Amino acid sequence: MRRTRRIVLLLALSVAIGSGALYGFKVSSESPASCPGRIVCPLTGKIICRDACPLKK
């Protein structure tokens, strides 16, 4: 009984740590530090970094 409880606790902890790590990697890949902000480019319609848009205002 105690062994089963320990295994379930370790599995739950592993899932929590794994999902937190995946979320962190996803967030870090979406907004790189060198990107000052994201906008929708009027030429392509894609979301890009503000300084990468060819139309500068």
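If you're wondering where the values come from, they're calculated on a predicted model, not measured in any experiment.

Quick notes on the rules
- Residues numbered from 1 in each chain as written.
- Predicted model: local features only at pLDDT ≥ 70, side-chain atom pairs only at ≥ 80, totals over all residues.
- Heavy atoms only, no water.
- Helix = DSSP H or I, 4+ residues; strand = E, 2+ residues; numbered from the N terminus.
- Buried < 20%, exposed > 50% of the residue type's maximum accessible area, 1.4 Å probe, protein only.
- Areas by Shrake-Rupley, 256 points an atom, 1.4 Å probe, with all protein chains shown as cover.
- Contact = heavy atoms within 4.5 Å.

J.: Looking at this structure, how should I read the overall build of the protein?
T.: Within the protein, the regular secondary structure consists of one helix and two strands. Traced from its N-terminal end to its C-terminal end, the protein shows the element sequence α-β-β. A burial count over the protein gives 9% of its 57 residues as buried. In the form shown here, the protein has an accessible surface area of approximately 5300 Å², with 66% of it arising from carbon and sulfur atoms.

J.: In this structure, what is going on with the environment of Cys41? I would like to understand it.
T.: Locating Cys41 in the fold gives a position in the loop between strand S1 (38-40) and strand S2 (47-49). On a C-alpha basis, the gap between Cys41 and Pro54 in space is 8.3 Å, while along the polypeptide they are 13 residues apart. With sequence-adjacent residues up to four places away left out, Cys41 is seen in contact with Lys46, Ile48, Cys53 and Pro54.

J.: How do you make sense of the environment of Val40 when you look at a structure like this?
T.: Tracing the sequence through the fold places Val40 in strand S1. Val40 sits in the exposed class, given a relative accessible area of 54%. Remark: the alpha-carbon pair of Val40 and Arg50, spanning 10 residues in sequence, is separated by 8.5 Å. Setting aside its immediate chain neighbours within four residues, Val40 contacts Gly45, Lys46 and Ile47.

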